[in-house]
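# Fold and geometry: a report
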Amino acid sequence: MAVIKVQKGTKDILPSEMPVWHFMEAKANEVFSKYGAKEIRTPIFEATELFARGVGDTTDIVNKEMYTFEKSERSLTLRPENTAGVVRSFIENGMHRLSAPVKLWYKGPMFRYERPQAGRQRQFHQVGVEVFGIKQPAADAEVILMAVNYLKALGLNDLAVELNSLGCPECREVFKTKLKEVIKPYLNDLCPDCQARYEKNPLRLLDCKVEECKAIYAKPEIQAIIQSDFICEECAEHFNELKKYLDALNINYSINKLLVRGLDYYNRTVFEIKSNNLGSQNAVCGGGRYDSLVKNLGGEDTPAIGFAMGMERLASLIGEKEDKKLDAFIVCNNPLEAVKLTEELRLQGINCEFDLTNKKFVKQLEKASKVAKFALILGEDEIAAGKVTIKNLETSEQKTIERANNFFTYLK
RNA sequence: GCGCCUGUCGUCAAGUGGUUAAGACCUCGGAUUGUGGUUCCGAUAUGCAUGGGUUCGAAUCCCAUCAGGCGCCCCA
């Protein structure tokens, strides 16, 4: 019989890995709650159109990476990211009428049909935050702060925050035009990808990793455009304000003029947080402002900003976490007494097990020493006397107490 | 979609053409009929991803397929 295996690019998260995941999830709730954010869970599939209109149909994510299927003549898609879904819910539930800001956080699986590699899977998990209703740069600062403090709470240092401003649609258009103008003479020397980008999404040109292209973009007249502060006065003001906040909050960051996020909905602030310990896929967090998305998806004109983090990447930076041992393992050769005592202890809030196969005493004790902090010995003598012997498996100390006791204080 | 690398027990592996495919961990059983985890003994791959081919002989060489890893692209 052929064995059925996990699908390419997907992974089981095994019991041994769960401590790390519980840790990430608990910290997310803890940290984001401090900022007044509430958790939201949206469906794993949505109308395909949501992503086409939301994420943008010039992006790779929408063009070639979506899991799309038909059902009852509807086109549905497994979510490749969660911002579009959260925005859809925000609109559908009239959240623009809530007192701004509306701060939402989420965690869950996302799906992209890509070639898997280190730090990249087809089903992966993101944890993220979206803040709606505030156009002031204070919101940008707070969102970045939430990301940084969450990473800190996970014990991750050595992370670099990169920042850029894409400007608003108007000034971006001006920039695109100028950029295309100055690059035009070299168009034929660019790599095929770049030639396509030139038309589709000129900002992405700057991301190219091909040496020949990089050399072209390094030319003085092109650098002059790239490094120029092309953004309009209002956008520049917004960006400067943000930087003031970050400085005041002692958040280290660097300006990366080449930072262009791959999703179409971003405007003004974009940021990324990178690690040097991840190999090729080194971004743990990406985010930015998306002031026109809510309106584009049919909602009230509502500014918004958010970020998402890849939880598998976080997990690999956090490393292994020890699994907790059971509080107690019951050593007893009378199965009826064993199951009764075990249930009594569970009602007292103690995690415990007994030997379902009723093996020999020594075997049970051996098992106890592997899986539990304490062995509770309930032998013929103890049963007759209404007592239980508690053995600390690390120190080997043991004492016999009345069975009527609450064991919680002895075992925790 | 493209390039490079890799597939030997549940896990980590040795083996690079010549008899029964090392070893370690895990698991299970025993030494040990109420005192364990650091001791000792034992059990566990008729098979080396799958299918062909070369050869007297293949885990080992060749081809194909499949799977995985890494890199490009893109992103978390």
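Below is a summary of the structure that appears in this document. All of these numbers come straight from a predicted model, not from anything done at the bench. (Residues numbered from 1 in each chain as written. Chains lettered and ligands numbered in written order. Predicted model: local features only at pLDDT ≥ 70, side-chain atom pairs only at ≥ 80, totals over all residues. Heavy atoms only, no water.)

### As for the packing of aromatic side chains
As enumerated under the stated definition, the model contains 11 aromatic pairs in all. Summarising the aromatic geometry, the rings of Phe 32 and Tyr 150 are spaced 5.1 Å apart at their centres and angled 40 degrees between planes, so their arrangement reads as tilted. Highlighted residues: Phe 32 in helix α1 (residues 18-34) and Tyr 150 in helix α5 (residues 137-153), separated in sequence by 118 residues. A relative accessible area of 0% means that Phe 32 is categorised as buried. Ring centres of Tyr 67 and Tyr 113 lie 5.6 Å apart, and the angle between their planes is 80 degrees; this geometry places the pair in the edge-to-face category. A residue pair is termed long-range when its members are at least 10 positions apart, and Tyr 67 in strand β3 (residues 67-71) and Tyr 113 in the loop between β5 (102-111) and β6 (123-132) qualify at 46 residues. One aromatic cluster is present, formed by Phe 32, Trp 105, Tyr 150, Phe 271 and Phe 307 through successive ring pairs. The side chain of Arg 122 reaches across the aromatic face of Tyr 113, ending 4.1 Å from its centre. When the ring centre of Phe 23 is taken as reference, the NZ or CZ atom of Lys 321 above it lies at 4.3 Å. (Phe/Tyr/Trp six-rings, centres within 6.5 Å; stacked < 30°, edge-to-face > 60°. Helix = DSSP H or I, 4+ residues; strand = E, 2+ residues; numbered from the N terminus. Buried < 20%, exposed > 50% of the residue type's maximum accessible area, 1.4 Å probe, protein only. Lys NZ or Arg CZ within 6 Å of the ring centre and 35° of its normal.)

### Some points on the side chain of Asp 291
By the secondary structure assignment, Asp 291 is in the loop between β10 (283-289) and α11 (293-296). Residue class for Asp 291 comes out buried when judged on its relative accessible area of 16%. Reaching out from Asp 291, the side chain makes a polar contact with the side chain of Arg 289 at a distance of 2.8 Å. A polar contact is formed between the side chain of Asp 291 and the backbone nitrogen of Ala 304, at a distance of 3.2 Å. Those residues in contact with Asp 291 that sit more than four places away from it in its chain are Asn 267, Asp 301, Thr 302, Pro 303 and Ala 304. (Polar contact = N/O pair within 3.5 Å; in protein donor to acceptor, adjacent residues only side chain to side chain. Contact = heavy atoms within 4.5 Å.)

### Thoughts on the pattern of salt bridges
Enumeration over the complete set of coordinates arrives at 22 salt bridges. Between Arg 120 and Glu 114 there is a salt bridge, with its nearest N and O atoms 3.7 Å apart. Taken individually, Arg 120 and Glu 114 each receive the classification buried, so the pair is uniform in this respect. Note that Glu 272 and Lys 274 form a salt bridge whose closest N and O atoms lie 3.6 Å from each other. Overall, the relative accessible area of 12% leaves Glu 272 in the buried class. With a relative accessible area of 21%, Lys 274 lands in the partly exposed category. Salt bridges sharing common partners tie together Glu 337, Lys 340, Glu 344 and Arg 403. (Salt bridge = Lys/Arg side-chain N within 4 Å of Asp/Glu carboxyl O.)

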